[in-house]
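Here are the chains, one letter per residue:
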Protein chains: 4
Amino acid sequence: MKPAQGKLGVLCVGMGAVTTTFIAGTLMYRKGLGLPGGAVTQMAKIRVGRGEKKQYKKIGDIVPLVSMDDMVFGGWDIFTDNAYESALNAGVLLAKDVDPVRDELKAIRPMAAAFDPKFVSRLHGEHIKQGTRLELVEQLREDIRRFKAENNCERVVVLWAASTEIYVPYFEPVHGTLAALEAAMAADDQEHVAPSMCYAYAAMAEDAPFVMGAPNTCIDIPAMWEMAEAKQLPIAGKDFKTGQTLMKTVLAPMLRTRCLGLAGWFSTNILGNRDGEVLDAPENFHTKEVSKLGVIDTILKADEQPELYGDIYHKVRINYYPPRGDAKEGWDNLDIYGWMGKDYGMQIKVDFLCRDSILAAPIVLDLVVCADLAHRAGLKGIQRWMSFFLKSPMHDFTQGEEPIHDLFQQYILFKNQIRLLGGYEADEELD
Amino acid sequence: MKPAQGKLGVLCVGMGAVTTTFIAGTLMYRKGLGLPGGAVTQMAKIRVGRGEKKQYKKIGDIVPLVSMDDMVFGGWDIFTDNAYESALNAGVLLAKDVDPVRDELKAIRPMAAAFDPKFVSRLHGEHIKQGTRLELVEQLREDIRRFKAENNCERVVVLWAASTEIYVPYFEPVHGTLAALEAAMAADDQEHVAPSMCYAYAAMAEDAPFVMGAPNTCIDIPAMWEMAEAKQLPIAGKDFKTGQTLMKTVLAPMLRTRCLGLAGWFSTNILGNRDGEVLDAPENFHTKEVSKLGVIDTILKADEQPELYGDIYHKVRINYYPPRGDAKEGWDNLDIYGWMGKDYGMQIKVDFLCRDSILAAPIVLDLVVCADLAHRAGLKGIQRWMSFFLKSPMHDFTQGEEPIHDLFQQYILFKNQIRLLGGYEADEELD
Amino acid sequence: MKPAQGKLGVLCVGMGAVTTTFIAGTLMYRKGLGLPGGAVTQMAKIRVGRGEKKQYKKIGDIVPLVSMDDMVFGGWDIFTDNAYESALNAGVLLAKDVDPVRDELKAIRPMAAAFDPKFVSRLHGEHIKQGTRLELVEQLREDIRRFKAENNCERVVVLWAASTEIYVPYFEPVHGTLAALEAAMAADDQEHVAPSMCYAYAAMAEDAPFVMGAPNTCIDIPAMWEMAEAKQLPIAGKDFKTGQTLMKTVLAPMLRTRCLGLAGWFSTNILGNRDGEVLDAPENFHTKEVSKLGVIDTILKADEQPELYGDIYHKVRINYYPPRGDAKEGWDNLDIYGWMGKDYGMQIKVDFLCRDSILAAPIVLDLVVCADLAHRAGLKGIQRWMSFFLKSPMHDFTQGEEPIHDLFQQYILFKNQIRLLGGYEADEELD
Amino acid sequence: MKPAQGKLGVLCVGMGAVTTTFIAGTLMYRKGLGLPGGAVTQMAKIRVGRGEKKQYKKIGDIVPLVSMDDMVFGGWDIFTDNAYESALNAGVLLAKDVDPVRDELKAIRPMAAAFDPKFVSRLHGEHIKQGTRLELVEQLREDIRRFKAENNCERVVVLWAASTEIYVPYFEPVHGTLAALEAAMAADDQEHVAPSMCYAYAAMAEDAPFVMGAPNTCIDIPAMWEMAEAKQLPIAGKDFKTGQTLMKTVLAPMLRTRCLGLAGWFSTNILGNRDGEVLDAPENFHTKEVSKLGVIDTILKADEQPELYGDIYHKVRINYYPPRGDAKEGWDNLDIYGWMGKDYGMQIKVDFLCRDSILAAPIVLDLVVCADLAHRAGLKGIQRWMSFFLKSPMHDFTQGEEPIHDLFQQYILFKNQIRLLGGYEADEELD
């Protein structure tokens, strides 16, 4: 494995609430002023060795991780606000947690975005690149090279923290091979080449791992897998697992473990940030819905326990609700049953008053750190062990692979990979 | 291991809502009319073997379990109602789920209870044995022998499903050795020998495993461990893990796994059955409180993650609320935090509208089945692998052992034991 | 006023859950077996007289009300099930509350419905009249005449308790005058003449008051008002005020009375009965949404208190959720503020676990009783005093009238009218 | 009526979160920087005149109210912190809402308190007067005179915004007449003369109206009424009606108005401020419990509607929960029923995430303004029309008077009094 030396460029697509909360928090931490709570790579200890040889170590003591001190931040956005202005607009952090790093934040100015309003309803920007799909790719590559050079970066990771795009079905021929995708870019096929694909392509072309934090299917296509393979690059996605789905992937395992039946699960969300506004449009929401709905079925297997999970009614709704700003609220209702069946139904209701960006920021950090680790370790293609951070984990569905959603099973995947890379046995079996 | 042949006598202390729901449900199942939902021994499949040899099997296909068809039911109560009358009073099951087994239930008449009102405030019964503590033991032993003979039982399991007794500290000298306990019984030491201890002693004296389903510290004492060792008997307890604590042992692992901090956890309960009435008395509640409060601390270790778990305010309240009857409601509020610390607090609220007896009945079944399995397998003393079903799992605190509360870690303990008994490798490591 | 003598025919459009719960409950009450809880005409006492002369009387002691013993039930439905079968399907009442009146219920067989699937998506029936709009009217009139004769009824009331139709804008010329509406019926104008209008027209043509219990705009049109005027008949509607809106019209007055500001109100509903299925279709839901959304604005007047109510975000969602059946759940979240403004926001969350038909049945009873009272008293046209029972009270918008939504103001309207009819002063002033 | 001219001294007992939020907000408002949301005297319009003559006017346009600009603030506390320091400790207001009035706040320094730790468990202060009860009274009188002189005040109002004292039964002979109370003070009867009584006595002795904002029974005794009568002074109390009880007095009227039955009402509260800490002690809580429990019974009269309200189980719990600070959360559960009785129960759950001081501050303002109005208008003794702001309104129980709890009935009392004082008819009848 290559060592974690030199600067790591962290380029974020979208410099809104999540990105600025992540950057400001990291900068504050460097000054000894912030807790990287929620960041597993920074705070967790995991077991290595078994029985007598059992030890609990911090992850950075098992494998070489990039230090939070060695990161350089940049990105793209459809608005020209610098990271300080954007953080103020986002209204997530208190003044006391932004002011000490004001100058660093002000220096982070977004590059013009590759953007196509047809792919994101209800969003209109002014800081936008012009050109065919291929020209956008070229401009993005140039952005990455320049950033790397100017900041003297050893390595770069590109991470999407921008809006949800409309649903792009990933079974079109144009997505099937790298050659086909490149041909579509050359032909400026605006219907099949989402702007997000331009970023992913440009990142990989410049030898940077790419991480998809929204539910966009951008790298969920064989063409991208082929490119990752060819370029020896790790890719990961999709959709940060933050509030309601995090909860879901913990409660569903509880039911399964205890053999409690599930009749229905209703999830509704209110949130008032830009993400909420975008998702209020049905065409954008569909992408999210697909990302969210799979969770329960893959944890509670109907075919194995038909009496318990054979007839589940699952519904997910997201509602734009401006009074809340970044403070999202998820309300879930589960109708469960057990002894003597459905006539003795019980209900679990979960009201999760969370903060979108506060939950997402440490996940951004973890994904960046892990993508860089994977890159240096020579791992390539889909990184399933990073599912732990993702709502709709990538998997090779062309091979019949199923995603792992159960949070604790995802954690096993994650720990096993860390153990392996650290020279230990990957000793936990996935169930 | 001895085979699971012949009749198993299931003797329950207390024939109220939980016991009759368990019995009626089991009898209905025998007639093909009921689902043993929530009963892990009957419904779960677990993995045995690793990698290529991985298989998923029902537990009964790995180890020989007593069949639900081979159980014979009996018990003690402070009221004379038979199991049918008691089930009607409890009001848990609908008529359609009791009528088909009415005759079997009517035939189950409780034996007179060993009872001391000093140990349970607010409860007054009429169907009660007279005598010194030693005489009570003798009468209970005689009950067990007679039941076994009359019902032609091969084996017997005794399980406590009665009320919570007042808190009995378990560090008194009288509880330290079997000889001391026997001396106390002989001396009719009513202060230190709880009625529940008479049951446990009588059960073991008659070669029956004993399971404590309430939070009573009855078998949480070295004297009982010594007896279990001497008689080669398994014992297990305490306090069925049903609603709120089940939830707690799932949500706390979620926080720990994701390195989310916890500032406070407030749990309140309303329930209207006899258990609620008893627990409304502060002296009884204290026993329950001790049982419930340990859960969080042992999952979220403050010393390992002081920034996240060093200052948790945990409070548990139980309220008698007659309008609900057996339908318990637990309301939990968690104050959590992560990125950038406590100034960015978030809240999780869980409202669990459950049914006390519907959740407890399958656990009674599982505990009976597992106790009998352990007995036939020659396991003796505290059965930690049965922690999975218990709110306050027994452990040898004189050796510094800590209880395992995390539901998924408990499940590992459970599965490993089943694997071992079935001749497979106990391949999951406890973290 | 005419006396309340002789039989009153109660003809319900739709014989589903609400109607059968209403009928079964009324029949049970006649047998001394049921409580008419929620029925204000049967249970409330109101004040008449002021100061020294103040008295509290039951409504039936102030004005002559039809007795529950004098009602004869009938109706129309798109299915042929009799009222007993329909009550069983609805699954609202326990067997013990239906069996004693089984024979009476079986004798109530629905007449074939006037139905047009274009007006109600997702519903398909088999017991349907054929014909042009005019022919449907004629058949319905014949039904009413026959029912009246066969049952020896002195008077008849017709009440709509069927599904929500798609939204019919009520500003079309065809709805403006009775002549225009009759011409449209004669021309079989299926686009503008909803089936519900055929019922309302037929009822009035046969001298029966008509009550609209769904949000359909059926009698919210000048043509119908003209007919009611001409025929000297009272009409009332629309949409039974049961769960979530009832709550809303109580909480909004609390805010206004205490000068607390409102930033947002989010309401979501899950329900699994036929009504839920119909409303899950966006085209049907729109009618309901219009009915539900007006409530807050008319109570909290933005122009009078712009600092408190000038910027309210109000959103209502209804979700079909089959696991619940008739047991509806409404979840509301209010974002409020007061001292020092919006930076010190507070939240009120209301979770209302209700039963659709149990809440609606007494309102059906009250509306029938009041409509008959109004009829005998010679009141004609829109009955604003019946707003108390309705989510979206009718009012003459062509005269700039505003609906009254505040529950307690509605109650004043109601009590004043009862007082007037009883010969007392209508002494409460509407604010 | 005397005009509202000159300065009004506002002397608060206790200068903690509520008092400083009230003062800071008022000062900010004077600078044009704050909204007096929740303050009815400042924001509401009420109707005067009936029918054609109906008008809606702001209260200050009907009767002469003291202007917020004419108030001078002072008070007593057991700590020496000035109002600025105390506001910072309270942590209720953001820096931006305190800084502009920092100097004014700093100038407000508390006078030493009359305090007796026997009356308030868990609270220990250092800024305390010494002396017998009589000497305390003399010192407090001297404080009031000095404050009045130094600040050139025309009038003074004294308001208790300090902790809940232990329950003092108000039927002791010593409380029965003014002479008896004065004798007890002279005899330094520390058991029967609560410190709060010293404040009330001193205020009235100095011709100042007294308002009790906690549930203390301090002025709920005939001795104090006699003094108020003799001195021609208004008194009002007790216990600010803010969160959970405000909600209760709105939901209970909803049930009664609609004839819905109530089986049980469970209320629990978590809060983390000083008030929460004090109320966590059972001896203090009892005073609050008495204050809170009466609410439902007086609104839902069991004797008038025994089938609906004859068997209500009402329970109130308050829990100290430090993670929340001043942000109180009340969770209520109502078990209701209607049509066909209790077998068809429904549940309403209300989760009120409020802010103690933000809700209380405008009530302090309203009570001060109204007490001063009453004083100038020559009203004396218990001011029932101020019940609108109070959880446990004072009333002359020796005459069999019952308190009015229904928020909307309280509002009628309030509006009628304003109308009367403004020369209009008090035209709303209380039901």
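Above this text is the structure in question.
Cut-offs and rules
Residues numbered from 1 in each chain as written. Chains lettered and ligands numbered in written order. Predicted model: local features only at pLDDT ≥ 70, side-chain atom pairs only at ≥ 80, totals over all residues. Helix = DSSP H or I, 4+ residues; strand = E, 2+ residues; numbered from the N terminus. Buried ≥ 20, exposed ≤ 12 C-beta atoms within 10 Å, placed from the backbone. Contact = placed C-beta atoms within 7 Å. Arc of directions from axis to C-beta. Pairing = 2+ DSSP bridges. Axes fitted to C-alpha atoms, helices over the stretch in contact; angles between N-to-C directions. Least-squares fit on C-alpha atoms with pLDDT ≥ 70 in both. Left-handed = near helix turned anticlockwise from the far one by under 90°. Nonpolar A, V, L, I, M, F, W, Y, C, P; charged D, E, K, R; others polar.

S.K.: Help me out: how do you make sense of the overall build of chain A in this one?
M.R.: On a plain count of helices and strands, chain A comes out with 14 helices and 13 strands. Principal-axis analysis of the C-alpha atoms places the extent of chain A at approximately 65 × 55 × 50 Å. Relative to its full complement of 431 residues, chain A shows a buried share of 61%. Within chain A, counting contacts between residues at least 6 apart in sequence, those at least 24 apart form 78% of the total.

S.K.: Help me understand helix 3 (residues 83-90) of chain D in this model?
M.R.: Note that an α-helix has 3.6 residues per turn; residues three or four places apart therefore point the same way. Residues and elements named next belong to chain D. Among all positions in helix 3, only A83, Y84, S86, A87 and A90 are buried. Taken down its axis, helix 3 places every buried residue within 165° of arc, on the same side. Buried residues along helix 3 sit in contact with helix 1 (17-30), helix 4 (102-106) and helix 13 (356-376). At the exit of helix 3 stands G91, carrying a positive phi of roughly 65°.

S.K.: Looking at this structure, I do not really get the sheet that holds strand 1 (residues 7-13) of chain B. What am I missing?
M.R.: What holds strands together in a sheet is hydrogen bonding between their backbones, with the strands either parallel or antiparallel. Residue and element names in this part refer to chain B. Strand order in the open sheet formed by seven strands is 5-4-1-6-7-8-13, and the pairing between neighbours is parallel. Unpaired on one side and paired on the other, strand 5 (111-112) and strand 13 (381-382) mark the two borders of the sheet. Note: strand 6 (residues 153-160) against strand 7 (residues 210-212), three bridges, orientation parallel. Its bridge partner lying in strand 7, W160 is registered against M212. Of the strands in this sheet, strand 1, strand 6 and strand 7 touch helix 7 (residues 195-205), which is tilted by about 160° from strand 6.

S.K.: What is the right way to read the relation of the copies chain A and chain B from this model?
M.R.: Related by rotation about an axis and a shift along that axis, the two copies of the chain form a pair. In the superposition of chain A on chain B (RMSD 0.0 Å, axial shift 0.0 Å), the rotation amounts to 180°. Taken together, the turn and the small shift mark the pair as related by a two-fold rotation axis. Residue A:V350, judged by its C-alpha, is the member of chain A lying nearest the rotation axis, at 2.3 Å. A shared binding surface is used by both copies, with 100% of the interface residues of chain A retained as interface residues in chain B.

S.K.: Even after reading the chapter, I still don't get the relation of the copies chain D and chain B, so can you show me in this structure?
M.R.: Screw-axis analysis of chain D against chain B gives a translation of 0.0 Å along the axis, an RMSD of 0.0 Å, and a rotation angle of 180°. Interface overlap between copies is the fraction of interface residues in one copy that are interface residues in the other; for chain D against chain B it reaches 100%, indicating a shared surface.

S.K.: Would you take a moment to explain the arrangement of the chains for this structure?
M.R.: As for chain C relative to chain B, no contact occurs, and the smallest C-alpha gap between them is 10 Å. A gap remains between chain A and chain D, which never touch, and the nearest two C-alpha atoms on either side lie 10 Å apart.

S.K.: Got a minute to help me understand the environment of A:R317 in this structure?
M.R.: One can find A:R317 in strand 10 (residues 313-320). It is 15 Å that separates the C-alpha atoms of A:R317 and A:V295, two residues lying 22 residues apart in sequence.

S.K.: I would appreciate a short explanation of the packing of helix 1 (residues 17-30) of chain C against helix 3 (residues 83-90) of chain C in the present structure.
M.R.: What describes two packed helices is the angle between their axes and the distance between those same axes. All names here are of chain C. At a minimum axis separation of 9 Å, helix 1 and helix 3 run at an interaxial angle of 115°. In this structure, helix 1 meets helix 3 at a crossing whose hand is left-handed. Side by side, helix 1 and helix 3 meet where A17, T20, I23 and A24 of the first sit next to A83, S86, A87 and A90 of the second. For the contact of helix 1 with helix 3, the residue count by class is six nonpolar, two polar and no charged.

S.K.: What is the right way to look at the interface of chain D and chain B in this model?
M.R.: A common measure of how large an interface is: the accessible area buried when the components associate. Counting residues at the interface gives 18 residues for chain D, matched by 18 residues for chain B. Every element with two or more residues in the side of chain D that touches chain B is listed here: strand 9 (261-271), strand 10 (313-320), strand 11 (329-338) and strand 12 (341-353) of chain D. Of the residues in the side of chain D that touches chain B, the class split is eight nonpolar, four polar and six charged.

S.K.: Looking at this structure, how should I read the sheet that holds strand 11 (residues 329-338) of chain B?
M.R.: Reading across the sheet, the eight strands line up as 10(A)-9(A)-11(A)-12(A)-12(B)-11(B)-9(B)-10(B) and stay open at both edges, with mixed pairing between neighbours. In this open sheet, the two strands that pair with only one neighbour each are strand 10 of chain A together with strand 10 (313-320) of chain B. Taking each pair of neighbouring strands and ignoring which way they run, the sheet shows an average axis angle of 10°. Note: strand 12 (residues 341-353) of chain A against strand 12 (residues 341-353) of chain B, seven bridges, orientation antiparallel.

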